Protein chains: 2
Amino acid sequence: MDNKKATPVSNLGEFGLIHHLTDQIQLKNASTLKGIGDDAAVLDYKNKQQVVTTDLLVEGIHFNLMYVPLKHLGYKAVVVNLSDVYAMNATPKQITVSIAISNKFSVEAIDDLYDGIKLACEKYSVDLIGGDTTSSVTGLVISVTAIGEVEDGKAVYRNSAKVNDLICVSGDLGGAYMGLQLLERENEVYKVNPNEQPQLEGYDYILERQLKPEARPDIIKALQKLEITPTSMIDLSDGLSSDLMHICTQSKVGCMIYEEKIPLDYQTKRFADELSINPLVAALNGGEDYELLFTIPITDHDKIKNDPDITVIGHICEAEKGLNLVTGLGSMIELQAQGWNHLKKEEE
Amino acid sequence: MDNKKATPVSNLGEFGLIHHLTDQIQLKNASTLKGIGDDAAVLDYKNKQQVVTTDLLVEGIHFNLMYVPLKHLGYKAVVVNLSDVYAMNATPKQITVSIAISNKFSVEAIDDLYDGIKLACEKYSVDLIGGDTTSSVTGLVISVTAIGEVEDGKAVYRNSAKVNDLICVSGDLGGAYMGLQLLERENEVYKVNPNEQPQLEGYDYILERQLKPEARPDIIKALQKLEITPTSMIDLSDGLSSDLMHICTQSKVGCMIYEEKIPLDYQTKRFADELSINPLVAALNGGEDYELLFTIPITDHDKIKNDPDITVIGHICEAEKGLNLVTGLGSMIELQAQGWNHLKKEEE
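Everything numeric here is computed off the predicted structure, so don't read it as measured data.

Colleague: Can you lay out the relation of the copies chain A and chain B for me, pointing to particular residues and giving the numbers?
Modeller: Structural alignment of chain A on chain B gives an RMSD of 0.0 Å, achieved by rotating through 180 degrees and translating 0.0 Å along the axis. Accordingly, the operation relating the two chain copies is best matched by a two-fold axis. When the interface residues of chain A are mapped onto chain B, 100% of them again fall at the interface, so both copies present the same face.

Here is the structure:
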C-alpha cells in the first residue's frame, strides 16, 4: 500500500465520493428500471417472485484488515448475500451496498473495496442499485442487501425436508475455516517479526476459500438440468452442524450423517493435521464455506450419484431419532449447533 | 434506565436473540409470502413495480445515545427509509433491519430499539421481513432497507421537473434542526451539572421533529385525490438547498424560491431567535425534516392553493438562471448545497 496515493475522502465530500464510486455503473438486468441516483431504485419483476436477504459486516468482528485485502472483502461481502439468494433456488439480480468508513480510509482504499464489489457484480450478473455512504467513528461497516427472482412457487425453504430424503452438500467443507486459521497464525508471526515472510505456500486453495469464496449458481443450474427440486435448502454459512440443525428444526425431522462421507479437501486435511485439530470440526463448526446444503427425495439418487460436485452425506429421519453423526468407528454422536456466535464470544 | 433489568445478550446468544426479537411478528401485507426465518424473504408484487432504498445509521455520527432514547431511534431509523419510498410516489410494504451492537447493550435496551422499529411498522403497515444481528467493537449501527410498491410507470423521479413548474413543500421546515440544537444545548448543560433539569418546555414540537419524525403518506394520498402527478419529487433529508439542487441538477433546470414563502413553525422561529441564528438557515441547510419537496405543473395551482399542508415556495426556471433564493428585501442569492457532510466534518 505504501506506493499508493492516499487521497483524503474530504477532498471529494459525500456527494463527490458517491459520484466517484458509482458513475461508471452500467445496469445489466431488465428488471432494474432505475439504479442509483434517486430516493430509491425502481424494479420490475413482472410475473416473477422476489427474494430479499441482507448481511451486516463489521470490522474487528467479521474481518481483520491486517490480513484481508479490501478488494477481497468487497467481493466476499457481495458473494455471501448472493449465496443466500441461490439457497432459495432463486437468481440474484440486484444489490444495495452501504458503507460506514472512518477517516483512516483514503479514496484509493474505498476504490479497492468497490473494485471487489463491482467484480462480484460482474461475475454474477448483478446490478448495484443503491446504498448509503457515511462515516464511522472507528472501523469499517458494510451492509449488503441482495434481491433475486424466482418463478412462482419455486422458492425452496428450510422447512420442507421429509423423512428418508437424502442430505447432500456441494463442494467440500471446512476449507474456509482452515484458511482463517492459517491467516491468523501468520498474522501472529508478523506481529512478532514484521520482516518474516508469511508461510502460505501449498495452501492457496484454503486461503481462497476464506478470502474469496464463491456462491454456487452452477449447482442450482445442475439441479434444474437434472430435473431435481430440492425438498429443502440452505447455504453453509454457520457450519454444517448449525445449518443442518436449521433445516431439521424447521422441518420437524431428525437426521443421520456419516463422518466418512463429509467431503474434505486435501489442503483442509493437511493443515488441520499440521495444527493437530480434527478437520471434521472445521466442516461441522467452521462455517463460511458458502456451499449448498440440501435434501432431495431418495428416488432422485441415481440422477446425482455421478456428479463430482455433489455428495450425499446422510439422510433425514424421524424427529425422535435426533440429529446424529455416525463416526468412522461406527459410534453415534449428537450434533451441536455452533455457528458464529459473536455475541457470546465477546463475553468470553 | 436505572430501575430496568439489564440482561446480557450472551444469555440468549445470537439465534436466541433473533428469536426473542422476531417471534411475535405478524405479516400484514399480501405481497409478503415469507418473512424472517429462511436464507431470504420471499415477496410477490404481482403486476406492480418495486422501489428499494437503504440507509445506514452509525452511533456518534447520526445519533447520540446521551439524548436519543432507543425507542425513538428505532422508530426514526424506519421512518427515514419509508420517507424515501413515499418520495418515489410509492407505498412501503417491507423492511429489513440489521443491527450491530456492542456488549454495553442489554436485551432490554435492544427491546426498546425494536419497540420503536415495530411501532413504525405498525403505524405505516409495513412488514419486518429480515435482517442481521451481530456484534460491534464499539457503538451501535443500524441498517434499514425498505421496499415498496408503485403502479407501472407511476414512480416520480428527481430528473423530470420542467420550466415554469411550481415548487412545493409539505409541512414546515427547519424544525428538526432546531430540535437538535436544543438537545445538544441541554446535553452540554447536563455534562456540566447532571442534577440540572433540562429546559425543554414550550419546545415539544421541534423536539418531536428531531426525535420522532413522520413520513408523509398523507401528502401522496392528497395529491392522488386532487389528481395531481408531481413532475418531480424528493424527500427533505439533507435540507432544502441540497435537495432542491438534486432536483434541479438532475432535471437540468434552475429555480427561484422566495424566503418569505418558506414555511417555518413558530417554535422553530422562537428557538432560532433565542440562539440568534436565522431560522432560514435551519430550513435550507438543516435537513432531517422528512417533508416532501415536489414540482407540479402551474396549471395545477388552483387544486392545491387551499391545502394548508402544501406551500408553493417558488418555481422552476431555465438552467442558465441558476438556483436562486429571493430574500425578503428583494435581493437574490445563490443556493449552496450543504447536506450532512459527515465525511468533511470529521476532518475539520
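Having seen the model, we can carry on.
Colleague: Run through the interface of chain A and chain B, naming residues and quoting values.
Modeller: Across the boundary between the two partners, chain A contributes 61 residues, which contact 61 residues of chain B. Sorting elements by how many residues they give to the side of chain A that touches chain B places strand β3 (residues 49-58) of chain A first, with nine residues. In the side of chain A that touches chain B, the residues fall into 27 nonpolar, 22 polar and twelve charged. Bridge count for strand β2 (residues 41-43) of chain A against strand β3 (residues 49-58) of chain B is three bridges, and the pairing is antiparallel. Within β3 of chain B, the position partnered with A41 of chain A by the bridge is V52 of chain B.

Colleague: So what's going on with the domain arrangement of chain A? Residues and values would help.
Modeller: All names here are of chain A. Segmenting chain A into domains produces domain 1 (9-150) and domain 2 (166-347). Taking only C-alpha atoms, the centre of domain 1 and the centre of domain 2 are 26 Å apart. Contact residues are listed per partner, giving 16 residues for domain 1 and 17 residues for domain 2.

Colleague: Break down the sheet that holds strand β1 (residues 32-34) of chain A for me, citing the residues and quoting the values.
Modeller: Pairing within the open sheet is mixed, and its six strands lie in the order β1(A)-β2(A)-β3(B)-β6(B)-β4(B)-β5(B). Single-partner strands in this sheet number two, and they are β1 of chain A together with β5 (127-135) of chain B. Across the sheet, the mean angle from the axis of one strand to that of its neighbour is 20 degrees, orientation sign disregarded. Across eight bridges, the pairing between strand β4 (residues 91-101) of chain B and β5 of chain B is parallel. Pairing of I101 of chain B across the sheet is with S135 of chain B, part of β5 of chain B. Along the sheet, helix α2 (residues 70-86) of chain B makes contact with β3, β4 and β6 (141-150) of chain B, crossing β6 of chain B at roughly 30 degrees.

Colleague: Residue-level account of helix α9 (residues 279-286) of chain A, with values.
Modeller: Residues and elements named next belong to chain A. Counting buried residues along α9, seven of its eight residues qualify, which places the element largely inside the surrounding structure. The set of residues buried in α9 consists of P279, L280, A282, A283, L284, N285 and G286. Close packing links the buried residues of α9 with α4 (175-192), α7 (240-251) and α8 (266-274).

Colleague: So what about the packing of helix α4 (residues 175-192) of chain B against helix α5 (residues 204-211) of chain B? Which residues, and what values?
Modeller: All names here are of chain B. Running from amino to carboxyl end, α4 crosses α5 at an angle of 100 degrees, the nearest separation of the two axes being 7 Å. Relative to α5, the element α4 is oriented roughly perpendicular. Listed contacts from α5 to G175, A176, M178, G179, L180, L182 and L183 of α4 are Y205, I206, L207, R209, Q210 and L211. Broken down by class, the residue content of the contact of α4 with α5 amounts to nine nonpolar, three polar and one charged.

Colleague: Please set out the sheet that holds strand β10 (residues 292-296) of chain A residue by residue, giving values where relevant.
Modeller: Residues and elements named next belong to chain A. Within the open sheet, the seven strands sit side by side as β8-β10-β7-β11-β9-β12-β13. Their pairing is mixed. The outermost strands of the open sheet, each flanked by one partner alone, are β8 (232-235) and β13 (332-334). Across this sheet, the average inter-strand angle for adjacent strands is 25 degrees, counted without regard to direction. Bridging between strand β7 (residues 166-170) and β10 involves four bridges; their strand directions are antiparallel. If you follow I167 over to β10, its bridge partner there is T295.

Reading guide: rules and limits
Residues numbered from 1 in each chain as written. Chains lettered and ligands numbered in written order. Predicted model: local features only at pLDDT ≥ 70, side-chain atom pairs only at ≥ 80, totals over all residues. Least-squares fit on C-alpha atoms with pLDDT ≥ 70 in both. Contact = placed C-beta atoms within 7 Å. Helix = DSSP H or I, 4+ residues; strand = E, 2+ residues; numbered from the N terminus. Nonpolar A, V, L, I, M, F, W, Y, C, P; charged D, E, K, R; others polar. Pairing = 2+ DSSP bridges. Domains from an automatic or database assignment. Axes fitted to C-alpha atoms, helices over the stretch in contact; angles between N-to-C directions. Buried ≥ 20, exposed ≤ 12 C-beta atoms within 10 Å, placed from the backbone. Parallel < 35°, antiparallel > 145°, perpendicular 65-115°, else oblique.

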